[in-house]
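# Coordinates in review
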Amino acid sequence: VCVYVFIFIYLFSLAATADFSVLKSPQNQIFRAGNWPIPGERIPDVVSLSMGFSVEENLSWPGLGVGDIFQRPRATVLVSVTGVEKLPVGDNEISYPVENAVPYTIDGVVNSIHALFSEEMPVVLQLAPIEERVYMVGKANTVFEDLPVTLRQLRSRLEQDNSILSSLPASSLYRNDETDRLFLSELQALQDITTLLSRHKHLAKDNSPDIYCLELTGLEEMKKRYGEDSVKFKDASRLLSEALQKFADDMYSIYGGNAIVEVVAVETFETPLVRKSRSILESQAISNPGSPYNLAYEYNFNYAVVFNIILWIMIGLALAVIAVSYNLWNMDPGYDSIIYRMTNQKIRMD
């Protein structure tokens with residue numbers, strides 16, 4: 001028994017603890033308050049369903065209600081924070097525990113947006129400031145063309161007079177320390193996003209939904225260097241909480257109260273969040289090369305629809321060919337064909 005208890009405790013300690021919080025949500029979008037755990041791999045599905053898109057696998061999670069199906073949110077902001085299990089960012093937030101916190105991607109949501117709103121060019125921004133990863137599509141290239149995305153640009157941005165350093169309260173963070181500067185650069189990115197977006201408020205009134213995905217790892221770097229009980233880590237956690245609350249309020253205001261702002265806080269992921277470069281129009285191969293048993297690929301929810309369309313079209317074409325062939329076989333050339341009839345009359349006249 002002691003061995004099983006030890007194994008259970010060991011496996012439990014390996015599991016990453018995380019929290020999914022909803023900071024802002026429109027009135028027509030219902031997030032029910034409760035202690036309902038959400039699987040970490042289904043977080044993109046929650047984002048997709050809250051925006052009004054369908055998912056391949058049904059999600060029976062009571063935390064997300066139906067809401068107003070005729071008025072979906074104009075924007076969804078998903079912020080991932082590593083280094084802390086839960087980040088207190090507001091009194092009105094709705095939080096849910098996350099089970100099996102694994103790295104996730106919102107590429108499926110982005111593909112759905114492009115498939116339905118490709119002509120309207122929605123704003124799509126995925127940004128990881130410290131890792132220098134950025135992905136902008138549609139009108140985001142125009143809105144955020146001046147957004148610092150490299151470490152060199154972020155360092156230069158912090159040196160400007162209107163940077164976030166001039167408005168931060170007194171803390172133990174040192175602007176010349178490399179780890180502190182990396183953390184402060186993420187706060188600067190949050191401020192610059194809302195500043196640049198506020199200059200293009202007309203984009204928040206179009207019919208196409210926008211999506212923002214931000215990955216903040218500066219707090220985790222602070223924890224690794226200074227420790228969880230250090231004064232610097234506590235100051236950084238407080239500053240990040242305040243910055244996220246202000247960021248959520250600004251984004252909610254820019255979109256006229258019709259935006260969802262969500263934060264996923266996790267101690268650490270077992271594998272890093274790496275976004276593979278790929279084309280939006282790239283289709284998945286119809287195969288399963290990773291299967292060691294040479295199994296067929298797994299059918300998605302569109303299979304039945306496509307199968308029925310092809311089946312009934314083929315049946316209809318087959319019936320049409322049979323009907324035409326039958327009528328041609330039983331046709332009387334002297335009575336049914338105008339060619340033979342006119343030829344016969346011409347012969348009689350001659």
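Residues numbered from 1 in each chain as written. Predicted model: local features only at pLDDT ≥ 70, side-chain atom pairs only at ≥ 80, totals over all residues. Heavy atoms only, no water.

The subject of this paragraph is the overall build of the chain. Regarding its fold elements, the chain presents 11 helices and 8 strands. Counting across all 350 residues of the chain, residues that qualify as buried make up 42%. Only carbon and sulfur atoms are counted for the fraction: they give 57% of the accessible area of the chain, which is about 20700 Å². (Helix = DSSP H or I, 4+ residues; strand = E, 2+ residues; numbered from the N terminus. Buried < 20%, exposed > 50% of the residue type's maximum accessible area, 1.4 Å probe, protein only. Areas by Shrake-Rupley, 256 points an atom, 1.4 Å probe, with all protein chains shown as cover.)

Going through the model one piece at a time under the given rule, you end up with 15 salt bridges. Between Lys86 and Asp19 there is a salt bridge, with its nearest N and O atoms 3.6 Å apart. Placement of Lys86 in the loop between strand E3 (75-82) and strand E4 (94-99) and of Asp19 in strand E1 (residues 18-24) is noted, with a sequence separation of 67 residues between them. Looking at Asp19, the relative accessible area reads 8%, which means it is buried. Among the charged side chains, a network of salt bridges with common partners joins Glu131, Arg133 and Glu215. (Salt bridge = Lys/Arg side-chain N within 4 Å of Asp/Glu carboxyl O.)

This brings us to the UniProt feature "transmembrane region" (unreviewed entry) in the chain. Within this structure's numbering, the places UniProt gives as "transmembrane region" (unreviewed entry) are residues 309-329. Measuring from the first to the last C-alpha atom of residues 309-329 gives 30 Å, for a span that is 100% helix and 0% strand. (UniProt positions renumbered as here; feature names shortened; annotations may be inferred.)

Attention now goes to unusual backbone geometry. The backbone of Asn100 shows a phi angle near 55 degrees, a positive value even though the residue is not glycine. Considering the arrangement of structural elements, one finds Asn100 in the loop between E4 and helix H3 (107-116). Despite not being glycine, Glu132 has its phi angle at roughly 55 degrees, a positive value. Take Glu132: it is sitting in the loop between strand E5 (124-128) and strand E6 (133-137). With a relative accessible area of 42%, Glu132 lands in the partly exposed category.

With that out of the way, let us pick up the packing of helix H6 (residues 178-198) against helix H7 (residues 218-226). The geometry of H6 relative to H7 is characterised by a closest axis approach of 8 Å and an angle of 160 degrees between their N-to-C directions. When the axes of H6 and H7 are compared, the pair comes out roughly antiparallel. Pair H6 / H7 crosses with left-handed handedness. Residues Thr179, Asp180, Phe183 and Glu186 of H6 form the contact with H7, whose own contacting residues are Gly218, Leu219, Glu221, Met222, Arg225 and Tyr226. When its residues are assigned to classes, the contact of H6 with H7 shows 4 nonpolar, 2 polar and 4 charged. (Axes fitted to C-alpha atoms, helices over the stretch in contact; angles between N-to-C directions. Parallel < 35°, antiparallel > 145°, perpendicular 65-115°, else oblique. Left-handed = near helix turned anticlockwise from the far one by under 90°. Contact = heavy atoms within 4.5 Å. Nonpolar A, V, L, I, M, F, W, Y, C, P; charged D, E, K, R; others polar.)

Glancing now at the environment of Glu228. With respect to the element layout, Glu228 can be found in the loop between H7 and helix H8 (231-254). Glu228 sits in the partly exposed class, given a relative accessible area of 47%. In this structure the C-alpha to C-alpha distance between Glu228 and Gly83, which are 145 residues apart in sequence, comes to 9.0 Å. With sequence-adjacent residues up to four places away left out, Glu228 is seen in contact with Lys223, Phe233 and Lys234.

Before going further, it helps to examine the pairing of E4. In terms of strand pairing, E1 meets E4 through 5 bridges, oriented antiparallel. Directly across from Phe20, in E4, lies its bridge partner Tyr96. Direction of pairing for strand E2 (residues 38-39) relative to E4: parallel, over a ladder of 2 bridges. Pairing of Pro39 across the sheet is with Glu99, part of E4. (Pairing = 2+ DSSP bridges.)

In this structure, Val81, Phe144, Phe183, Tyr212 and Leu244 are the most contacted members of the largest nonpolar core, which totals 50 residues. Elements supplying a minimum of two residues to this core: E3, E5, helix H4 (140-143), H6, strand E7 (210-216), H7, H8 and strand E8 (259-266). By residue number, the principal contributor to this core is H8, which donates 10 residues. If sequence neighbours within four positions are ignored, Leu244 has contacts with Leu23, Val79, Val81, Leu87, Val89, Leu190, Leu216 and Val263. Counting residues in hydrophobic clusters, the runner-up holds 33 residues, among them Ala18, Phe53, Ile106 and Phe117. (Core = buried A, V, L, I, M, F, W, Y, C linked by side-chain atoms within 4.5 Å.)

The next thing to look at is the environment of Asn141. You can see Asn141 is positioned in helix H4. Separated by 18 residues in the primary sequence, Asn141 and Val123 have C-alpha atoms spaced 8.3 Å apart.

A word on the sheet that holds E8. Strand order in this open sheet of 8 strands is E2-E4-E1-E8-E3-E7-E5-E6, and the pairing throughout is mixed. Strands with a single pairing partner mark the edges of an open sheet, and in this sheet they are E2 and E6. Alignment of E3 against E7, held across 7 bridges, turns out to be parallel. Directly across from Ala75, in E7, lies its bridge partner Asp210. Running at roughly 175 degrees to E8, helix H2 (residues 43-50) makes contact with E1, E2, E3, E4, E7 and E8 of the sheet. The sheet contacts of H6 involve E5 and E7, and relative to E7 the element is tilted by about 165 degrees.

Relative to the helices and strands, Leu125 resides in strand E5. Take Leu125: its relative accessible area is 0%, and that puts it in the buried class. Measuring from C-alpha to C-alpha, the distance between Leu125 and Ile193 comes to 9.9 Å, with 68 residues separating the pair along the chain. Not counting residues up to four positions away in its chain, the partners in contact with Leu125 are Val134, Tyr135, Met136, Phe144, Ile193, Ile211, Tyr212 and Cys213.

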